[in-house]
Amino acid sequence: MSFFPTSVLVTGGAGFIGSNYLLHVVRTHPETNFINLDALTYAGNLANLKAIEDAPNYQFVQGSVNDAELVAALFSTHAFDAVVHFAAESHVDRSILDPTAFVSTNVHGTLVLLQAAQQAWKDADYPCRFHHISTDEVFGSLGAQGHFTADTPYAPRSPYAASKAAADHLVRAFGTTYGLPWVMTNTSNNYGPFQFPEKLIPLVIRNAVVGYSIPVYGRGENVRDWLYVQDHVEALDVVLRNAGNHSTWLIGGNQEITNLALVEMLLDAVDTATGKPVGTRRPLIQFVTDRPGHDFRYALDSSPVQNELGWRPKHDLTSGISRTVTWYLENAAWMNDILDGGYRDYYEMQYGSRGMN
Ligand code: NAD
Ligand code: DAU
């Protein structure tokens with residue numbers, strides 16, 4: 001099945017993955033209009049979108065997915081035939097400090113969008129589609145063996161994961177109850193340009209560059225499967241356009257590594273890129289109190305998206321990390337511009353210092 005959307009509502013397009021997605025699709029699909037609805041929370045940054053801000057098939061609207069009136073007005077003005085829903089509160093540690101905004105945006109905001117899509121599309125005689133962007137965290141925590149599949153029962157363990165799981169259930173319920181056409185992607189840890197520095201990889205690169213300590217939770221034994229964001233957004237475009245309705249796709253990089261090994265790899269890459277002997281920065285590593293309820297391991301079986309839709313990641317961790325470190329070193333101004341007082345307050349609350357120890 002092929003789907004050719006003409007007018008797409010992208011939510012959360014000023015965030016990390018959403019902006020990488022827009023940078024990709026606005027240029028590869030000039031025949032499609034993209035409207036980016038983003039509230040510009042601390043995580044949203046229009047600087048990410050500079051390269052496409054004047055593109056004729058792109059428009060930005062500042063507003064919240066919780067604003068039902070605004071969302072309905074956008075549907076009526078732009079006659080969307082697709083929604084690609086990224087907008088979310090996305091950081092697990094912040095959800096532990098205060099889950100309130102996670103339920104509001106991730107659950108209620110998703111409901112608002114589903115209701116608007118359902119209302120607009122209920123009598124549609126043209127193809128339409130709600131693409132919900134979700135996470136592997138809804139499946140819970142794995143031991144040393146095994147992989148999540150699309151049939152793995154949900155077992156979310158953090159407030160963030162629980163809010164994403166609730167949203168996933170709502171999407172499927174709208175399909176079952178009202179016939180809303182949806183597709184869903186559950187993805188592993190992304191990394192690459194434009195990621196907010198609260199997340200492990202940009203946090204490590206930034207702290208390494210300025211010589212701050214590198215906080216590793218527990219003993220650094222937890223395992224994540226890392227996916228370069230450019231590969232992810234290509235997969236999203238393939239799924240939106242080629243998957244069947246009411247289908248779920250797991251997208252991972254097949255690049256599992258412990259946090260400690262990843263941090264060492266990053267520090268060594270920063271050493272190399274800055275002309276220091278490899279190993280110089282490893283003493284910056286500091287083991288700190290573990291994240292409460294820290295999921296031990298995530299791993300996804302991505303074979304269906306590879307075998308049935310023909311997508312494959314182009315980057316392994318070595319090439320992706322090298323590109324990512326280079327990008328952050330070359331874009332120090334982007335990083336400095338977003339490190340405002342709000343970030344420093346958050347850092348102090350999370351790590352007990354403003355980064356200097
Ligand atoms: P992010 O935090 O970088 O960006 C979130 C964006 O949503 C920001 O631009 C923010 O301003 C916007 N936003 C927040 N609340 C909003 C609201 N009420 N209305 C409109 N916009 C709002 O997040 P990300 O890392 O780019 O993640 C995007 C999506 O992908 C999320 O749904 C997340 O759960 C999912 N996901 C992320 C990863 C990852 O590794 N980053 C992996 C799997 C899934
Ligand atoms: O798996 C997909 C998820 O990946 C997404 O749904 C989330 O939106 C995204 O934030 C990410 O969640 P994680 O919690 O896995 O990512 P984070 O970068 O916060 O942490 C990665 C690992 O590194 C995790 O095991 C916790 C650890 N960590 C993190 C930070 C910020 C540290 O050891 N020290 C740190 O300072």
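Residues numbered from 1 in each chain as written. Chains lettered and ligands numbered in written order. Predicted model: local features only at pLDDT ≥ 70, side-chain atom pairs only at ≥ 80, totals over all residues. Heavy atoms only, no water.

**Student:** Outline helix 8 (residues 259–273), supporting the account with residue identities and numerical values.
**Tutor:** Taking 1.5 Å per residue, 15 residues should reach 21 Å; helix 8 reaches 21 Å between its end C-alpha atoms and fits that length. The complete set of buried residues in helix 8 reads Asn-259, Leu-262, Val-263, Leu-266, Leu-267, Asp-268, Ala-269, Val-270 and Asp-271. Along its buried surface, helix 8 packs onto helix 6 (200–210), strand 8 (214–217), strand 9 (223–228), strand 11 (256–258), strand 12 (285–288) and helix 10 (317–330). Gly-275 sits one or two positions beyond helix 8 and adopts a positive phi of about 75°. (Helix = DSSP H or I, 4+ residues; strand = E, 2+ residues; numbered from the N terminus. Expected span 1.5 Å × (residues − 1). Buried < 20%, exposed > 50% of the residue type's maximum accessible area, 1.4 Å probe, protein only. Contact = heavy atoms within 4.5 Å.)

**Student:** Report on empty space enclosed by the protein, specifying residues and quantitative values.
**Tutor:** Summary: where empty space remains is shown by rolling a probe the size of a single water molecule over the atoms. In the structure shown here, the tally under the stated rule is one cavity of 30 Å³ or more. Taken as a whole, the largest cavity spans an internal volume of roughly 50 Å³. Around the largest cavity sit Val-92, Glu-137, Ser-158, Arg-224, Arg-291, Pro-292, Gly-293, His-294, Asp-295 and Tyr-298, which together line it. Here the residues of the lining of the largest cavity sort into three nonpolar, three polar and four charged. (1 Å grid on protein atoms, 1.4 Å probe; cavity = no way out; pocket = protein on both sides within 12 Å on 5 of 7 lines; lining within 4 Å. Points joined across faces, edges and corners; volume = space filled by probe spheres on them. Nonpolar A, V, L, I, M, F, W, Y, C, P; charged D, E, K, R; others polar.)

**Student:** Tell me what's going on with the packing of helix 6 against helix 8, and back it up with residues and numbers.
**Tutor:** One way to put it is that helix 6 packs onto helix 8 with a least axis distance of 10 Å and a crossing angle of 45°. In terms of orientation, helix 6 lies oblique with respect to helix 8. By crossing handedness, the relation of helix 6 to helix 8 is classed as right-handed. Facing Leu-200, Ile-201, Val-204, Ile-205, Ala-208 and Val-209 of helix 6, the residues of helix 8 in contact are Asn-259, Leu-262, Val-263, Leu-266, Leu-267 and Val-270. By residue class, the composition of the contact of helix 6 with helix 8 is eleven nonpolar, one polar and no charged. (Axes fitted to C-alpha atoms, helices over the stretch in contact; angles between N-to-C directions. Parallel < 35°, antiparallel > 145°, perpendicular 65-115°, else oblique. Left-handed = near helix turned anticlockwise from the far one by under 90°.)

**Student:** So what's going on with the site of ligand 2? Residues and values would help.
**Tutor:** Ligand 2 sits among 23 residues. The nearest are Asp-136, Tyr-160, Arg-291, His-294 and Tyr-351. Within the backbone of Leu-200, a nitrogen or oxygen atom sits 2.8 Å from an oxygen atom of ligand 2. At 2.9 Å from an oxygen atom of ligand 2 is found a side-chain nitrogen or oxygen belonging to Arg-224. Protein coverage of the free-state accessible area of ligand 2, which is 690 Å², stands at 94%. Listing elements by their share of the shell around ligand 2, those giving two or more residues are helix 3 (92–97) and strand 8. (Near = heavy atom within 4 Å. Polar contact = N/O pair within 3.5 Å; in protein donor to acceptor, adjacent residues only side chain to side chain. Areas by Shrake-Rupley, 256 points an atom, 1.4 Å probe, with all protein chains shown as cover.)

**Student:** Account for the nonpolar core, naming residues and giving values.
**Tutor:** With 67 residues, the main nonpolar core has Tyr-21, Leu-22 and Ile-321 as its most contacted residues. Considering each element in turn, this core owes the most residues, seven residues, to helix 1 (residues 16–28). Those residues in contact with Tyr-21, other than ones at most four positions away along the chain, are Val-10, Val-84, Phe-86, Val-233, Leu-236, Asp-237 and Leu-240. Within the second largest apolar cluster, 24 residues are counted, among which are Leu-37, Leu-74, Leu-114 and Ala-117. (Core = buried A, V, L, I, M, F, W, Y, C linked by side-chain atoms within 4.5 Å.)

**Student:** Could you give me a rundown of the site of ligand 1, with the residues and numbers involved?
**Tutor:** Around ligand 1 sit 28 residues, and of these Ile-17, Asp-38, Ser-90, Tyr-160 and Lys-164 come closest. A distance of 3.0 Å is found between a nitrogen atom of ligand 1 and a backbone nitrogen or oxygen belonging to Val-65. Here ligand 1 loses 95% of its free accessible area of 840 Å² to cover by the protein chains. For the shell around ligand 1, the secondary structure elements donating two or more residues are helix 1, strand 5 (129–135), helix 5 (159–178) and strand 7 (189–191). In terms of residue count, the dominant contributor to the shell around ligand 1 is strand 5 (three residues). When the residues that make up the shell around ligand 1 are grouped by side-chain class, the tally is twelve nonpolar, 14 polar and two charged.

**Student:** Describe the side chain of Glu-89, naming the residues involved and giving the relevant values.
**Tutor:** Along the chain, the position of Glu-89 falls in the loop between strand 4 (82–85) and helix 3. This buried residue, Glu-89, is left without a salt bridge; Arg-94 holds the nearest opposite charge, at 6.0 Å. The residues contacting Glu-89, other than those within four sequence positions of it, are Thr-41, Tyr-42, Ala-101, Phe-102, Thr-105, Asn-106 and Tyr-160. (Lys, Arg positive; Asp, Glu negative; His and termini not counted. Salt bridge = Lys/Arg side-chain N within 4 Å of Asp/Glu carboxyl O.)

**Student:** Could you give an account of the pattern of salt bridges, naming the residues involved and the relevant values?
**Tutor:** Taken as a whole and judged by the stated rule, the model has eleven salt bridges. Here Asp-93 and Arg-291 are joined by a salt bridge, their closest N and O atoms 2.7 Å apart. You can see Asp-93 sitting in helix 3 and its partner Arg-291 sitting in the loop between strand 12 and helix 9 (303–309), a full 198 residues away along the chain. Accessibility classification places Asp-93 together with Arg-291 in one group, the buried group. With its nearest N and O atoms 2.6 Å apart, the salt bridge here joins Asp-268 to Arg-282. Pair noted here: Asp-268 is in helix 8 and Arg-282 is in the loop between helix 8 and strand 12, with a separation of 14 residues, a long-range link.

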